[in-house]
Amino acid sequence: MLGQSAASFRHGSKHTGTLMLRLKKTVVMVGMMGAGKTAVGTALARALGAPFLDSDEEIVRAADRSIAEIFERDGEAFFRARETEVLNRLLNGAPCVLSTGGGAFLSEANRLLIHEAGVSVWLRADLDLLWQRVRHKTTRPLLRTANPRETLRGLYDARLPFYQQADLTVDSHASLSVEDMAQRVIESLLVRPDVLERT
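These lines cover the structure that appears in this document, whether it is placed above or below. (Residues numbered from 1 in each chain as written. Predicted model: local features only at pLDDT ≥ 70, side-chain atom pairs only at ≥ 80, totals over all residues. Heavy atoms only, no water.)

Describing the overall build of the chain
Along its length, the chain carries nine helices and seven strands. A fraction of 72% describes how many contacts in the chain between residues 6 or more apart in sequence connect residues 24 or more apart. (Helix = DSSP H or I, 4+ residues; strand = E, 2+ residues; numbered from the N terminus. Contact = heavy atoms within 4.5 Å.)

Structure representation (structure tokens):
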């Protein structure tokens, strides 16, 4: 731990007393559905005074269809191709906090894009916590199966080796608030002065 309170980091790029932070590269949140990529990413962006973007929302906007509709009409391969196009465009824009869909980091091309232009942060959460968060959601096309919990377990086991390749890992716990998690991400980013600079 670095000793500063969570409050001391809030709005870091604007003013934190003696500590100011400047985001130099895009921070890409990766991990399973339910890991908190959007919620934590939003809080992180707010704390750093940086824009927050969601790659899934950008795909939906470009296609003018929901992700579930894209999967149903065009298939997963079509969706993944659009995902790579969107990631490439966003990573070449101004530094931001970027949340990605759960499957985005499985692609070697995506991992390379993210590693070269930004930094990946894996929000690591155990299966029980993930299930607790996603079991009542109806917006997860991959969980529309007869046994969604076992489907989630299969996805978790298959994707773990890919998430383990992320540049940084931050552990998620049910007892931690979204702001606590954003603070943990900031602390992990401070070991990367090429990404987050103290000014």
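Things to note about the side chain of serine 120
Relative to the helices and strands, serine 120 is located in strand E5 (residues 118-124). A polar contact is formed between the side chain of serine 120 and the backbone nitrogen of aspartate 167, at a distance of 2.8 Å. In contact with serine 120, not counting residues within four places along its chain, are Val28, Val30, Phe105, Ile114, Ala166, Asp167 and Leu168. (Polar contact = N/O pair within 3.5 Å; in protein donor to acceptor, adjacent residues only side chain to side chain.)

As for the nonpolar core
Core analysis: the largest hydrophobic core is formed by 56 residues, its most contacted members being Val27, Met29, Leu44, Val121, Leu123, Val185 and Leu189. Among the elements that line this core, the one with the most residues is helix H2 (residues 37-48), at six residues. With near-sequence residues (within four places) excluded, valine 185 lies in contact with Met29, Val40, Leu44, Val121, Leu123 and Val170. (Core = buried A, V, L, I, M, F, W, Y, C linked by side-chain atoms within 4.5 Å. Buried < 20%, exposed > 50% of the residue type's maximum accessible area, 1.4 Å probe, protein only.)

Quick notes on unusual backbone geometry
If you check the backbone angles, aspartate 64 has positive phi at about 60 degrees while not being a glycine. Mapping aspartate 64 onto the fold places it in the loop between helix H3 (55-63) and helix H4 (67-74). On the accessibility criterion, aspartate 64 (68% relative accessible area) is exposed.

Examining helix H9 (residues 178-189)
Helix length check: H9, at twelve residues, gives a terminal C-alpha distance of 17 Å against a target of 16 Å (1.5 Å per residue), a fit within 8%. Taken together, the buried positions of H9 are occupied by Met181, Ala182, Gln183, Val185, Ile186, Glu187, Ser188 and Leu189. (Expected span 1.5 Å × (residues − 1).)

What about the environment of alanine 182?
Position of alanine 182 relative to the elements: it lies in helix H9. Alanine 182 sits in the buried class, given a relative accessible area of 3%. Taking the C-alpha atoms as reference, alanine 182 lies 8.6 Å from threonine 42; in sequence the two are 140 residues apart. With residues near it in sequence (within four places) discarded, alanine 182 still touches Val40, Ala43 and Leu44.

Some thoughts on the pairing of strand E2 (residues 26-30)
Counting buried positions over the five residues of E2 gives five, a clear majority of the element. By the bridge criterion, five bridges tie E2 to E5 in an arrangement that is parallel. The partner of valine 28 across the bridge, within E5, is serine 120. One ladder, built from three bridges, connects E2 with strand E4 (residues 97-99); its direction is parallel. Bridged to valine 28 within E4 is leucine 98. (Pairing = 2+ DSSP bridges.)

What to know about the packing of H4 against helix H5 (residues 76-91)
For the pair H4 and H5, interaxial distance at closest approach is 7 Å and the crossing angle is 125 degrees. As far as their axial angle goes, H5 and H4 are oblique. Note on element contacts: H5 touches H4 through Glu76, Phe78, Phe79 and Arg80, opposite Ile67, Ile70, Phe71 and Asp74. Its residues placed into classes, the contact of H4 with H5 shows five nonpolar, no polar and three charged. (Axes fitted to C-alpha atoms, helices over the stretch in contact; angles between N-to-C directions. Parallel < 35°, antiparallel > 145°, perpendicular 65-115°, else oblique. Nonpolar A, V, L, I, M, F, W, Y, C, P; charged D, E, K, R; others polar.)

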